[in-house]
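# Inside the fold
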Amino acid sequence: MMKKNLRQNLAFLLPYLLFLITAGIFLSIHSKAEAHILLNQYRSGFMDYFFSYITYLGDFTTVVAVTLLLCLYRYRFALLVAVSNGISALITQSLKHSIYSDVVRPKKFFEGLNTLNLVPGYENYLYNSFPSGHSTSAFTTFFCLALLTENKIIKFILFALALTIGFSRVYLSQH
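Residues numbered from 1 in each chain as written. Predicted model: local features only at pLDDT ≥ 70, side-chain atom pairs only at ≥ 80, totals over all residues. Heavy atoms only, no water.

### Quick notes on the overall build of the protein chain
Helix and strand content of the protein chain: nine helices and zero strands. Along the protein chain, from the amino end to the carboxyl end, the secondary structure elements read α-α-α-α-α-α-α-α-α. A compact globule built from 175 residues would reach a C-alpha radius of gyration of about 16 Å, and the protein chain, at 17 Å, matches this within 12%. In terms of its C-alpha atoms, the protein chain occupies a principal-axis envelope of roughly 50 × 35 × 30 Å. (Helix = DSSP H or I, 4+ residues; strand = E, 2+ residues; numbered from the N terminus. Rg over C-alpha atoms; globule rule 2.2 N^0.38 Å.)

### A closer look at the packing of helix 6 (residues 75–96) against helix 8 (residues 133–147)
If you want to describe how two helices pack, look at the angle between their axes and the distance between the axes. Where helix 6 meets helix 8, the axes come as close as 9 Å, and the angle between the chain directions of the two elements is 160°. What the angle tells us is that helix 6 and helix 8 run roughly antiparallel. In the crossing of helix 6 with helix 8, the sense of the turn from one axis to the other is right-handed. Counted together, Leu-80, Val-81, Ser-84, Asn-85, Ser-88, Thr-92, Gln-93 and Lys-96 of helix 6 and Gly-133, Thr-136, Ser-137, Thr-140, Thr-141 and Cys-144 of helix 8 form the full contact between these two elements. (Axes fitted to C-alpha atoms, helices over the stretch in contact; angles between N-to-C directions. Parallel < 35°, antiparallel > 145°, perpendicular 65-115°, else oblique. Left-handed = near helix turned anticlockwise from the far one by under 90°. Contact = heavy atoms within 4.5 Å.)

### Observations regarding the pattern of salt bridges
Applying the stated criterion across every chain, the model contains two salt bridges. Measuring nitrogen to oxygen at the nearest pair gives 3.2 Å for the salt bridge that ties Glu-111 to Lys-108. Overall, the relative accessible area of 26% leaves Lys-108 in the partly exposed class. (Salt bridge = Lys/Arg side-chain N within 4 Å of Asp/Glu carboxyl O. Buried < 20%, exposed > 50% of the residue type's maximum accessible area, 1.4 Å probe, protein only.)

### Some details on helix 8
Look at helix 8: 21 Å from first C-alpha to last across 15 residues, which is about the 21 Å you get at 1.5 Å a residue. Burial runs high along helix 8: eleven of the 15 residues are buried. Along helix 8, the residues classified as buried are His-134, Ser-135, Ser-137, Ala-138, Phe-139, Thr-140, Thr-141, Phe-142, Cys-144, Leu-145 and Ala-146. (Expected span 1.5 Å × (residues − 1).)

### Some points on the environment of Ser-129
Mapped onto the fold, Ser-129 is located in the loop between helix 7 (106–109) and helix 8. Remark: the alpha-carbon pair of Ser-129 and Ser-101, spanning 28 residues in sequence, is separated by 8.1 Å. Aside from chain neighbours lying at most four places away, what touches Ser-129 is Lys-96, Val-103, Val-104, Arg-105, Gln-174 and His-175.

Keep in mind these numbers describe shape, not what the thing actually does.
Okay, structure coming up:
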């Protein structure tokens, strides 16, 4: 059963694994600070606008909306998304406010050291940077949705959307 589920979801899991390997290599070459400064230098008005809105797809509101929409289709699918997000949020928030409570966000980390290119009009927080609640929520929600479809293209699109939301947090200097 497990092998079958893995095989059926390779369109989501394989790109995710490739991303993790690529990010791991990138972070083995660059420190987190160097990586952030390197990525932070690439800015455009369109991308500022795009990422400042796409990041909201990782919010609790999106989880609620997806759950409610799934209730109209199949209650157990809604339950899968709601319970999965509840568990992942509990773990993420527990880690964020206990073990990793001293991990500051880029605006605080680089305070007085370097000027970040911040997105105008977007509020940057200072504390509780890790782990990212938006990224956790996006990957949890979109992986659950990937489990519910057989279409490999849709599975890949769901992965790409989750990754884009996760990257938005770095682009916006929230993580």
